[in-house]
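Inside the fold
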Amino acid sequence: RHTISIAFVLVLLAAGVARAAENEDRYRCGASKPEEAIVACSRVIADKWQPQQVRWLAQRNRGFAYQRRGDLPKALADYDAVLRIAVKDLDPRELGAQDRRGERRARIAILNAQTHVNRGMVRARMGDRDAALADYAQAIAMAPDLSTPYLNRAALYLQAGDNIRAMADLNAAIARAHG
């Protein structure tokens, strides 16, 4: 009788330790130095028991960690994978957003728009100006109130000597930042 009780307690303790490690990986994935985030996010992504939306966020975070570390091909691969997942396949409740008047779907759209901005930055640094411009345009289409895609696109226009488009995007960014 005590053997069953002790075994049950040991199973519960093991499950608690596993859950604590899982939570630690989720935390480190979003709030660590790039090297720590990459390791933690990779574990979350590989854990098929995690809901798809948790793995989606982990892959997005890992892409950002690779970007911060300067590993642009790996950042690009993660951003590409994130953007291939259809928004309809994600459960917004897992993304930490409150659901008031459809705010969950709006949060997903903003996260995807920000991913396009990040991918555009990577592509611009890799010398693919046209693909970067396409990413900024997609981000604007998905979340027109964000100022960042306008700013980044303006920088590319300035580099190309297209001052008229750059000024239009800078004005759009200012309007959104103060609006």
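Rules of the game
- The residue count restarts for each chain, going from 1 along the sequence in the order it is written.
- A pLDDT threshold of at least 70 governs which residues receive local features in this predicted model, and a stricter bar of 80 or more applies before side-chain atom pairs are shown or counted, although totals over entire chains, interfaces and linings include all residues.
- To get the side-chain values, take all heavy atoms of the structure and skip hydrogens and water.
- For helices, the fitted axis covers only the stretch in contact; all axes are lines through C-alpha atoms, and the angles between them, taken along N-to-C directions, range from 0 to 180 degrees.
- Working definition: helices are DSSP H or I runs of at least four residues, strands are E runs of at least two. Numbering for both runs from the N terminus.
- Angle categories are assigned with fixed cut-offs, so that under 35 degrees is roughly parallel, over 145 is roughly antiparallel, 65 to 115 is roughly perpendicular, and the rest are oblique.
- By convention the crossing between two helices is left-handed if the near helix lies anticlockwise of the far one by an angle smaller than a right angle, and right-handed if it lies clockwise.
- Whether two residues touch is decided by their heavy atoms; if any such pair falls within 4.5 Å, the residues are in contact.
- Three residue categories are used. Nonpolar comprises Ala, Val, Leu, Ile, Met, Phe, Trp, Tyr, Cys and Pro, charged comprises Asp, Glu, Lys and Arg, and polar comprises the others, including Gly.
- We call a residue buried when its accessible area falls under 20% of the maximum for its residue type, exposed when it is over 50%, and partly exposed in between, using a 1.4 Å probe and counting protein chains only.
- Cysteine sulfur pairs qualify as disulfides if the two atoms are within 2.5 Å.
- Only buried residues count toward a nonpolar core, which is a set of Ala, Val, Leu, Ile, Met, Phe, Trp, Tyr and Cys residues joined through side-chain atoms within 4.5 Å.

Two elements in contact, helix α7 (residues 148-159) and helix α8 (residues 163-177), have axes separated by 8 Å at closest approach and are oriented at 160°. When the axes of α7 and α8 are compared, the pair comes out roughly antiparallel. Like other packed secondary-structure pairs, α7 and α8 cross with a definite hand, here left-handed. Of the residues in α8, those touching α7 at Tyr-150, Leu-151, Arg-153, Ala-154, Tyr-157 and Leu-158 are Asn-163, Arg-165, Ala-166, Asp-169, Leu-170, Ala-172, Ala-173 and Arg-176. Residue composition of the contact of α7 with α8, by class: 9 nonpolar, 1 polar and 4 charged.

To continue, consider the environment of Ala-40. Of note, Ala-40 is situated in helix α2 (residues 34-46). Its relative accessible area of 1% is what places Ala-40 among the buried residues. In this view, Ala-40 contacts Asp-25, Arg-28 and Cys-29; residues no more than four positions away in its chain are not counted.

Attention now goes to the state of the cysteines. The tally for this structure, following the rule as stated, stands at 1 disulfide. There is a disulfide in this structure between Cys-29 and Cys-41, and the S-S distance comes to 2.0 Å. Disulfide Cys-29-Cys-41: torsion about the S-S bond near 100°, hence right-handed. With Cys-29 in helix α1 (residues 2-31) and Cys-41 in helix α2, the pair connects residues that are 12 residues apart, well separated along the chain. With respect to burial, Cys-29 and Cys-41 carry one shared label: buried.

Turning our eyes to something else, we now look at the nonpolar core. Core analysis: the largest hydrophobic core is formed by 11 residues, namely Ala-113, Val-117, Ala-132, Leu-133, Tyr-136, Ala-139, Ala-143, Leu-146, Leu-156, Tyr-157 and Ala-166. For this core, the elements supplying multiple residues, two or more each, are α5 (103-125), α6 (129-142) and α7. If you tally residues by element for this core, the top one is α6, at 4 residues. Those residues within four positions of Ala-113 in sequence are excluded, and the remaining contacts are Ala-139, Met-142, Ala-143 and Leu-146. Grouped together as the second largest cluster of nonpolar side chains are 9 residues, Ala-37, Ala-65, Tyr-66 and Ala-75 included.

Interpretation note: all reported values are geometric properties and have no functional meaning in isolation.
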